[in-house]
Amino acid sequence: MFFTKKKAVLFFIVCLIFFFLTYNNVKSTEISSVTGYSKVTDGDTLKIDTFKIRLHGIDAPEKKQLCKRAYLKIMMFTFYEDYSCGQKSTEALIKKINNQKVTCKISNVDYFKRLIGECYQGKTNLNSWLVSNGYAVAFRKYSKKYVSEENLAKREKKGIWQGKFEMPWDYRKSKKN
């Protein structure tokens, strides 16, 4: 017999060692943070140099998404008007960053090969800021970290919470059909 038990075990151990050495080498080249001047793509995505970064745990209205806000209340009747909440979210993030350096702590890479991370402008966590001001919602599918900020924005009727809107993931799904 070509393979003895001893040779099979030795071969298996060598394969394991090779795998772990290769795996550690791949892990060491992963990006853990990116710092620089950013270009805001939309309310939950930045670009720093060649890196596209999706803000972890949040979801902002899409650029072309419309929301409704009250513009007239007469007794028990409320009249709503459409406004571009996706554009508002993008503009708010641009204004908040204000051409200052941004640092993003990278935690993962998504299906679209975007880096996933928490981004900071100075000491301000931009992910948290967007949700607590009603420019984005907590993306519970991926993280529960910003749920308390969302609840606060909802209670205080900030941003999108001052009117009616479709959750960004539902809006994207409806546009696919």
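The following refers to the structure shown. (Residues numbered from 1 in each chain as written. Predicted model: local features only at pLDDT ≥ 70, side-chain atom pairs only at ≥ 80, totals over all residues. Heavy atoms only, no water.)

1. Overview of the packing of aromatic side chains
Turning to step 1, where the next piece is worked out: Under the definition given, this model contains 5 aromatic pairs.
Turning to step 2, where the next piece is worked out: Where Phe139 meets Tyr142, the ring centres are 4.9 Å apart and the plane angle is 85°; that geometry is what we call edge-to-face.
Turning to step 3, where the next piece is worked out: A relative accessible area of 10% means that Phe139 is categorised as buried.
Turning to step 4, where the next piece is worked out: Ring centres 5.2 Å apart and planes at 10° place the aromatic pair Phe139 and Trp169 in the stacked group. Separated by 30 residues along the polypeptide, Phe139 in the loop between β10 (137-138) and α4 (147-155) and Trp169 in helix α5 (residues 168-176) bring together distant segments of the chain.
Turning to step 5, where the next piece is worked out: Put simply, the rings of Phe139, Tyr142 and Trp169 touch in pairs and so form one group of aromatic residues.
Turning to step 6, where the next piece is worked out: In this structure, Arg69 packs its charged tip against the face of Tyr83, placed 4.2 Å from the ring centre. (Phe/Tyr/Trp six-rings, centres within 6.5 Å; stacked < 30°, edge-to-face > 60°. Buried < 20%, exposed > 50% of the residue type's maximum accessible area, 1.4 Å probe, protein only. Helix = DSSP H or I, 4+ residues; strand = E, 2+ residues; numbered from the N terminus. Lys NZ or Arg CZ within 6 Å of the ring centre and 35° of its normal.)

2. Quick look at the sheet that holds strand β11 (residues 163-164)
Turning to step 1, where the next piece is worked out: The strand order across the open sheet built from 3 strands is β6-β5-β11, with neighbouring strands paired in antiparallel fashion. Bordering the open sheet on either side are β6 (77-83) and β11, each of which pairs with just one other strand.
Turning to step 2, where the next piece is worked out: Relative to β6, strand β5 (residues 67-74) runs antiparallel, the two sharing 7 bridges. Counted as the bridge partner of Arg69 is Glu81 from β6. (Pairing = 2+ DSSP bridges.)

3. Topic: the nonpolar core
Turning to step 1, where the next piece is worked out: Core analysis: the largest hydrophobic core is formed by 24 residues, its most contacted members being Leu46, Ile53, Val102, Cys104 and Cys119.
Turning to step 2, where the next piece is worked out: Going through the elements one at a time, β1 (33-42), β2 (45-48), β3 (51-55), α2 (85-97), β7 (101-109), β8 (115-121) and α3 (126-132) are the ones with two or more residues in this core.
Turning to step 3, where the next piece is worked out: The element best represented in this core is α3, accounting for 4 residues.
Turning to step 4, where the next piece is worked out: Beyond its immediate stretch of four places on either side in the chain, Cys119 contacts Leu46, Ile53, Leu55, Val102, Thr103, Cys104, Thr124, Asn125, Leu126 and Asn127.
Turning to step 5, where the next piece is worked out: In this structure, Cys67, Tyr83, Cys85 and Val137 belong to the second largest nonpolar core, which totals 7 residues. (Core = buried A, V, L, I, M, F, W, Y, C linked by side-chain atoms within 4.5 Å. Contact = heavy atoms within 4.5 Å.)

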